[in-house]
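This is what each chain is made of:
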Amino acid sequence: MSEIELVLRSTRVVTPEGTRAASVTVRDGKIVAVLPHDAAVPAGARMEDFGDDVLLPGLVDTHVHVNDPGRTEWEGFWTATRAAAAGGITTLVDMPLNSLPPTTNTANLDIKREVARSKAHIDVGFWGGAIPGNVKDLRPLHEAGVFGFKCFLSPSGVDEFPQVDQEQLAAALGEIAAFDGLLIVHAEDPGHLDAAPEAHGPKYADFLASRPPVSENDAIAGLIDLARKLDARVHVLHLSSAEALPLIAAARADGVKITVETCPHFLTLTAEEVPDGATEFKCCPPIREAGNQDALWQGLADGTIDCIVSDHSPSTTDLKTPDFGTAWGGISSLQLGLPAIWTAARERGHGLEDVVRWMSAAPARLVGLGAKGAIAPGRDADFAVLAPEETFTVDPADLQHRNKITAYAGKTLHGVVRSTWLRGRKINDGTALAEPTGELLERPRA
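A few points on the structure. Predicted model only: the values in this text are computed from it and were never measured.

Section: the layout of surface pockets
- When its volume is computed, the largest pocket comes out at roughly 690 Å³.
- Taken together, 33 residues line the largest pocket, and the ones lying closest to its centre are P155, G157, R211, K282 and C284.
- Counting only elements with at least two residues in the lining of the largest pocket, the list comes to β10 (149-152) and α5 (190-195).
- If one sorts the elements of the lining of the largest pocket by residue count, α5 sits on top with 3 residues.
- In this structure, the second largest pocket encloses a volume near 460 Å³.
- Lining of the second largest pocket is provided by 22 residues; of these, A86, Q335, D398, V417 and G430 occupy positions nearest its centre.
- Tallying contributions element by element places strand β16 (residues 412-422) first for the lining of the second largest pocket, with 4 residues.
- Looking at the lining of the second largest pocket residue by residue, the class counts come to 10 nonpolar, 8 polar and 4 charged.

This is the structure:
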């Protein structure tokens, strides 16, 4: 067995047992021990002392649209994983749509993996897709290592990834439950969307009226009923409507295997602040009012909401027309999620231990990545070093995203990422990013 290679020291190390002064030892890309701050440095080991900057486990983002291959003018593995590394994220799981081809069979998965292999600055895993007519492809995708399956209950926005109706949803979920897989769901009811006023023009209020909370609430209620009937595992994506939280809490108390995520934009931006024509704020489901945001934070505090992930959904500038009816819906935030959430969390009395639970430990647990999500012996030596008291003003030109569009432009945020480490290697030093060393991840086998 090789000797200790690296010691990372800080007066504030966030561990599962709490935050404390510590020295973290690393060998062969794994954490060996979390020792007292003044522990002797083993002979031959390199030591990095971060002073009072906080050592966090690398973040895990399980909801990222990389759009590669096929729509690389929108993003791509090279730029997406650079942005993630710059933001303290060391693992992401790529969504199965907005790429061509979509990840709806094993041949398409192989194509995506081959494209990602040489471009990944961080570790990358993949979701499969559940669409009409591909039930036969679900088990092979599961056996090939995808982390679960995404479906839409309403139109996805791209023709090659159609929504499923209730009969198709039941067929897919029945198959997925048979091998104890996970279905992750864009839950908006198409009937309510069809009945709502059509989105049009530059006024955000008109767009908000086109995606009413009842669409989410009823879709989630139906999903709960089906998951209960089939004894299946389901996960609600990008929860926007806080009205659904009591349904979710009651279902979970009743034994339904349901988890839920929300996103930085729902927790830090409000409908009231969106200017006319500012379609960089458009996403589906939408950013809602301040009172709804307060209730989402309460859902995080009481544990009803499990995790916070980006739903990074980029596009080219020309698709962000000033008309909320025609503009592409999606918010780019991969690089900014940690400071955005920390800025809001600290104002609401939450600590970095909470942020780590929501943005690292819980997403890692959702996809079964037991080597990720914590600074503890045996885990991967993935870290983010954060200066939590420092602030910066978001300049889109500083983003690593391919397209420099962000709803956070001009906002002053707390939390500067000093460096990011992947398996004991520094991949981001705060000013430059290393060449790609990320690995392609598969669902852990039982």
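From this point, things continue past the structure.
A word on the sheet that holds strand β11 (residues 182-186)
- In spatial order, the strands read β9-β10-β11-β12-β13-β14; together these 6 strands make up an open sheet with parallel pairing. If you trace the sheet from one side to the other, it starts and ends with β9 (128-129) and β14 (307-308), each paired once.
- The pairing of β9 with β10 spans 2 bridges and is parallel. Pairing of G129 across the sheet is with K150, part of β10.
- Along the sheet, helix α7 (residues 213-230) makes contact with β11, β12 (233-236) and β13 (257-262), crossing β12 at roughly 165°.

Remarks on helix α11 (residues 337-347)
- Counting buried positions along α11 gives 9 out of 11 residues, so the element sits mostly inside the fold.
- Within α11 the residues assigned to the buried category are G337, L338, P339, A340, I341, W342, T343, A344 and A345.
- Just downstream of α11 lies G349, where phi reads positive at about 90°.

A few points about empty space enclosed by the protein
- This structure, assessed with the given rule, holds 3 cavities of 30 Å³ or more.
- The volume enclosed by the largest cavity comes to roughly 80 Å³.
- In terms of lining, the largest cavity is formed by 14 residues, of which the most central are D61, I89, S310, G337 and M359.
- Of all the secondary-structure elements, those providing two or more residues to the lining of the largest cavity are β6 (59-64) and α11.
- Take the lining of the largest cavity: its biggest share by element is 3 residues, from β6.
- Split into classes, the residues belonging to the lining of the largest cavity amount to 9 nonpolar, 4 polar and 1 charged.
- Looking at the second largest cavity, its volume works out to about 70 Å³.
- Residue lining of the second largest cavity: E280, S313, P314, S315, K320, G330, I331, S332, N403, I405, T406 and A407, and that is the complete set.

What to know about the pattern of salt bridges
- All chains considered together, the criterion is met by 30 salt bridges.
- Among the salt bridges present, the one from D123 reaches K372, with a minimum N-O distance of 2.7 Å. One end of the pair, D123, is in strand β8 (residues 123-126); the other, K372, is in the loop between α12 (352-366) and β15 (383-393), with 249 residues separating them in the sequence.
- Residue D123 is classed as buried on the basis of its relative accessible area, which comes to 0%.
- Across the pair D137 and K136 runs a salt bridge whose closest N-O atoms are separated by 3.6 Å.
- We classify K136 as exposed; its relative accessible area is 62%.
- In this structure, a network of salt bridges that share partners links the residues K30, D123, K372, D380, D382, R423 and E439.

Re the pairing of strand β7 (residues 89-94)
- Burial analysis of β7 places 6 of its 6 residues in the buried class, which makes it a mostly covered element.
- One ladder, built from 4 bridges, connects β6 with β7; its direction is parallel. The residue bridging L59 from the neighbouring strand is I89, located in β7.
- Viewed along the sheet, the connection from β6 through helix α1 (residues 77-86) into β7 turns out right-handed.
- Where β7 meets β8, 4 bridges bridge the pair, whose relative direction is parallel. Across the sheet, residue T91 finds its bridge partner in β8, namely D123.

Description of the pairing of strand β3 (residues 30-36)
- In terms of strand pairing, strand β2 (residues 18-27) meets β3 through 6 bridges, oriented antiparallel. Across the sheet, A22 pairs through a bridge with P36, a residue of β3.
- Between β2 and β3, which pair antiparallel in sequence order, lie 2 residues; one of them, D28, sits at a positive phi of approximately 55°.

Things to note about the sheet that holds β8
- With respect to topology, 3 strands assemble into an open sheet ordered β6-β7-β8, the strand pairing being parallel. Two strands lie at the open edges of the sheet, namely β6 and β8, each paired on one side alone. Along the sheet, successive strands turn relative to each other by an average axial angle of 20°, direction set aside.

Rules behind the numbers
Residues numbered from 1 in each chain as written. Predicted model: local features only at pLDDT ≥ 70, side-chain atom pairs only at ≥ 80, totals over all residues. Heavy atoms only, no water. 1 Å grid on protein atoms, 1.4 Å probe; cavity = no way out; pocket = protein on both sides within 12 Å on 5 of 7 lines; lining within 4 Å. Points joined across faces, edges and corners; volume = space filled by probe spheres on them. Helix = DSSP H or I, 4+ residues; strand = E, 2+ residues; numbered from the N terminus. Nonpolar A, V, L, I, M, F, W, Y, C, P; charged D, E, K, R; others polar. Pairing = 2+ DSSP bridges. Contact = heavy atoms within 4.5 Å. Axes fitted to C-alpha atoms, helices over the stretch in contact; angles between N-to-C directions. Buried < 20%, exposed > 50% of the residue type's maximum accessible area, 1.4 Å probe, protein only. Salt bridge = Lys/Arg side-chain N within 4 Å of Asp/Glu carboxyl O. Right-handed = clockwise from strand over helix to strand, strands pointing away.

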